[in-house]
Every structure is written in structure tokens, then in C-alpha cells.
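# Coordinate inspection notes
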Amino acid sequence: MSKPVRIAVTGAAGQIGYALLFRLASGEVFGPDQPVHLNLIELPHAMDALGGVVMELDDCAFPTLEGVTTADSDHLEDGFRDADYVMCVGSVPRKQGMERADLLKVNGGIFGPTGRAIDAAAAENVKVIVVGNPCNTNCLIAMSHAPRVPRENWFAMTRLDQNRAKSQLAQKAGVGVGDVNSLAIWGNHSPTMYPDFDHARIKGTPVPQAISDHDWLKGEFLTTVQQRGAAIIKARGASSAASAANAALDTLKDITRPTPEGEVFSAAICSTGQYGIEEGIMCSMPLRTDGTTWQVVEGWEHDEFAQAKIQASVDELKSERDTVRDLLG
Ligand SMILES: NC(=O)C1=CN([C@@H]2O[C@H](COP(=O)(O)OP(=O)(O)OC[C@H]3O[C@@H](n4cnc5c(N)ncnc54)[C@H](O)[C@@H]3O)[C@@H](O)[C@H]2O)C=CC1
Ligand SMILES: O=C([O-])CC(=O)C(=O)O
């Protein structure tokens, strides 16, 4: 057996954590021959609950789970020690009537200490996926406190939005979700995000040709995807957890496996000015990887409608960044 891959998860006893850890431990992401070690981090008062989750992990007897380490958030460096991957889930979810940006004041403060501890203790080539909202700007805060960790190693999760958009397009076109490819999310994980239907394909055909109802594409489709998180909170009384955990696992797979031909994946990455997007903000874009190094897919052209939507989301990211200036390292 090879050396275990070490994955740290914050907020491990929460809703998303409970839907995430068992699949991570099962070998789903790194395969049946790759042992994994989980470093689980929680607030001090949630450590008993986390103990229960660890008992359940034991009781699954996963052959791929080499071990579990726990740490409370007063000992973050112990939690992130030698982690190859960090999944930052720990933070407060919004309630009905709130926007994700309303969480900046509540959650933003978590991510400075998180970044510093990752910088101090994680493995040399650690990759970090931020899930806790507002995830783009939380990721920016953590990254700014971790100068040792290359900027290319930071991702904020927009894969759930990609999955939601694919599913809506598949249902509208009456095809399987696997027939929809190349669907990218641009911008912020917020109601301004832009699911790029122009460059998506259904069975190889550009979506605007495969779906003739362009009013739906520019209207109901966009708002359904942009407001899906709020719709789930309204219906469930709690924010999406199983689908969020699924998307977090998809993101780990996206960044560690070569992207299939004709496909892209979405995550917010630190802009270096691609598509004229301001350098230094965490902006979702279409990505491809060989499993080691990722690139932004270049050369997509946007009409005025798409350009305005993307710009609005970029402007929102800039304004979130300005709001948290005093939290940046
Ligand atoms: N990016 C995305 O697509 C999505 C993001 N989210 C976000 O994920 C976050 C977590 O959601 P849930 O698991 O449903 O919430 P939850 O409240 O069920 O669990 C969060 C857990 O984090 C822990 N926690 C809080 N502060 C912490 C800290 N400083 N260190 C370690 N642990 C800490 C809490 O004790 C709790 O157990 C929320 O911010 C939510 O808005 C949720 C769905 C999708
Ligand atoms: O909407 C929320 O607050 C949770 C979330 O990010 C999502 O479901 O996309």
C-alpha cells in the first residue's frame, strides 16, 4: 500500500461533513488502492459530536481508511498537520432571507487563522478547497494569510452550481445529464454567478442550438441556478448539504484527475487577469487539468449579454474584497 493521502476537513461534524466524510473514507476519490487519513477539525464544543462521527467511521470498516486524527479549532495547526488537501467547510450557513455575503462578518474571521495554520502546518504542495460561504471571499482571506502556499493551490467551490446548471439543461432538453458537457460557471458563488450556456454542449451541439427557447435560457434557467441555494433553504429549512458534499468530492476529483476530452470544470481560482478579470480576486472560470497542473480555458468569446453578467459578478467580488480589506493578510 502506498503512503496515505491526508485530507483535513473543517466543520467535520456539520451537515456537509456528515455527507462528505464517509465517501472520502470509502476510496471514492483516490481509488481502492490508495489509503486515506482524515484530519477532522471542529469547534471545541462540537468535539463530542465529532467523536460520534469518528465512531461511525470506525464502524464502516473501510479498508481504505488508514486512520483519523481530530483537533479542535484552538489547535488548528494540529488539524492541518501534513495535510495534502484541506476542505474548509467549517463556518455558519445562512438562514432564509439572508444572502451568502451577509455571512462575511460572521465567517470572514475564521479564514485568517485558517490560512495561517495551513501555511504553518500543511504539506508542501497542499491544495485547499473552500466551501464555507461566502466561499470566494473566504478563500481570498485564507490565501492572503498563507504566502508559502502557491496561489494556484486555492479553490473556492462553484462545482455545485455547475452540477445544478447541467441538471436543469438536461431536464429542459429531455436528455441525460451525462449528455451535457462544457458547462462553466463564471464569477461569484452568489446570485450574480453566470452559468455559461453559450459554450455548453448537449450531445456535442451548442446549447443555444439544442434548446431553441432562448428566453428560458436567459431568464428562468439563469435564475433557477442562481437562486437554487435559497430555494433549498426555503424547502428544507437548512442549506443544501448532500449535494454540496457531492460537489466538494467532484471538485477533489476535478483537480486530481485529467479532465475528459470536451469537458471543463468550474472552480473559483485566483485571477491572473484572464478574460480581463481583475488580478487577485477569486473568480470562477472554465478550467481543465492534466491531473497535476490546471489551466483556464482560453479563447471563449462572450456576447454583450454574457459580458454584462460576468462583469456584474466580478464587480461584486471586488466589492466583497473591499469589504474585508482589514481581514486580508
Ligand atoms: N460553496 C457552496 O457551494 C456551498 C457552501 N455551503 C456552506 O458550507 C458551510 C457549512 O455548511 P453546513 O455543513 O451545512 O453547516 P453546519 O452548521 O451543519 O456545519 C458547520 C460546522 O462547522 C463547524 N464550525 C464552525 N466554525 C468553525 C471553525 N472556525 N472551525 C472548525 N469548525 C467550525 C460548526 O461547529 C459546524 O459543525 C456554510 O457556510 C454553508 O453556507 C453550503 C452549501 C454549498
Ligand atoms: O445557499 C446557501 O446558502 C448554501 C449554498 O451555498 C448553496 O446551496 O449553493
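Everything numeric here is computed off the predicted structure, so don't read it as measured data.

With 72 residues, the main nonpolar core has Val9, Leu24, Met87 and Leu169 as its most contacted residues. The next biggest cluster of nonpolar side chains, apart from the first, holds 30 residues, and it includes Ala8, Ala121, Val130 and Val324.

On to the UniProt feature "active site" (unreviewed entry) in the protein chain, then. Those residues carrying the UniProt feature "active site" (unreviewed entry) are His189 in this numbering. The residue His189 is located in the loop between β8 (184-186) and β9 (194-196) in this model. Those residues in contact with His189 that sit more than four places away from it in its chain are Arg100, Asn133, Cys135, Asn136, Met157, Thr158, Asp161 and Arg164. Here Arg100 takes part through its side chain, which lies 3.2 Å from a polar atom of the side chain of His189.

Turning our attention to the site of ligand 1. Residues in contact with ligand 1 amount to 24 residues; listed here are only the nearest, Gln15, Glu42, Ser91, Val131 and Asn133. Contact with the protein chains removes 87% of the 870 Å² of surface that ligand 1 exposes when unbound. Its residues assigned to classes, the shell around ligand 1 shows 12 nonpolar, 11 polar and 1 charged.

Looking now at the sheet that holds strand β11 (residues 205-206). Across the sheet, 3 strands lie side by side as β7-β10-β11; this open sheet has antiparallel pairing. Edge positions in the open sheet fall to β7 (180-181) and β11, since each of these has one partner strand only. Bridging between strand β10 (residues 201-202) and β11 involves 2 bridges; their strand directions are antiparallel. Pairing of Arg201 across the sheet is with Pro206, part of β11.

A few words now on the UniProt feature "domain: Lactate/malate dehydrogenase N-terminal" (unreviewed entry) in the protein chain. Cross-referencing UniProt, the feature "domain: Lactate/malate dehydrogenase N-terminal" (unreviewed entry) maps to residues 5-151 in the present numbering. Along residues 5-151 one finds 39% helix and 20% strand; the C-alpha atoms at either end are 21 Å apart.

Counted under the stated rule, the structure contains 9 aromatic pairs. Plain terms: the ring middles of Tyr18 and Phe22 are 5.5 Å apart, the flat faces sit at 80° to each other, and that makes the pair edge-to-face. In this pair, Tyr18 and Phe22 both sit in helix α1 (residues 15-25), 4 residues apart, roughly one turn of the helix. For Tyr18, a relative accessible area of 42% translates into the label partly exposed. For Phe22, a relative accessible area of 16% puts it in the buried group.

The subject of this paragraph is the environment of His45. With respect to the helices, strands and loops of the structure, His45 is situated in the loop between β2 (36-42) and α2 (47-60). Overall, the relative accessible area of 70% leaves His45 in the exposed class. Linking His45 and Ser73, residues 28 residues apart in sequence, is a C-alpha distance of 9.9 Å.

Taken together, Arg94, Arg100, Asn133, Leu160, Arg164, His189, Gly229, Ile233, Ser239 and Ser240 make up the full set of residues adjacent to ligand 2. Contact distances for ligand 2 include 2.6 Å between an oxygen atom and a side-chain N or O atom of His189. Ser240 places a side-chain nitrogen or oxygen 2.5 Å from an oxygen atom of ligand 2. Alone, ligand 2 offers 260 Å² of accessible surface; in the complex the protein occludes 94% of this. Counting residues per element, the ones that place at least two in the shell around ligand 2 are α6 (159-173) and α9 (228-236).

Cut-off values and rules
- Residues numbered from 1 in each chain as written.
- Chains lettered and ligands numbered in written order.
- Predicted model: local features only at pLDDT ≥ 70, side-chain atom pairs only at ≥ 80, totals over all residues.
- Heavy atoms only, no water.
- Core = buried A, V, L, I, M, F, W, Y, C linked by side-chain atoms within 4.5 Å.
- Buried < 20%, exposed > 50% of the residue type's maximum accessible area, 1.4 Å probe, protein only.
- UniProt positions renumbered as here; feature names shortened; annotations may be inferred.
- Helix = DSSP H or I, 4+ residues; strand = E, 2+ residues; numbered from the N terminus.
- Contact = heavy atoms within 4.5 Å.
- Polar contact = N/O pair within 3.5 Å; in protein donor to acceptor, adjacent residues only side chain to side chain.
- Near = heavy atom within 4 Å.
- Areas by Shrake-Rupley, 256 points an atom, 1.4 Å probe, with all protein chains shown as cover.
- Nonpolar A, V, L, I, M, F, W, Y, C, P; charged D, E, K, R; others polar.
- Pairing = 2+ DSSP bridges.
- Phe/Tyr/Trp six-rings, centres within 6.5 Å; stacked < 30°, edge-to-face > 60°.

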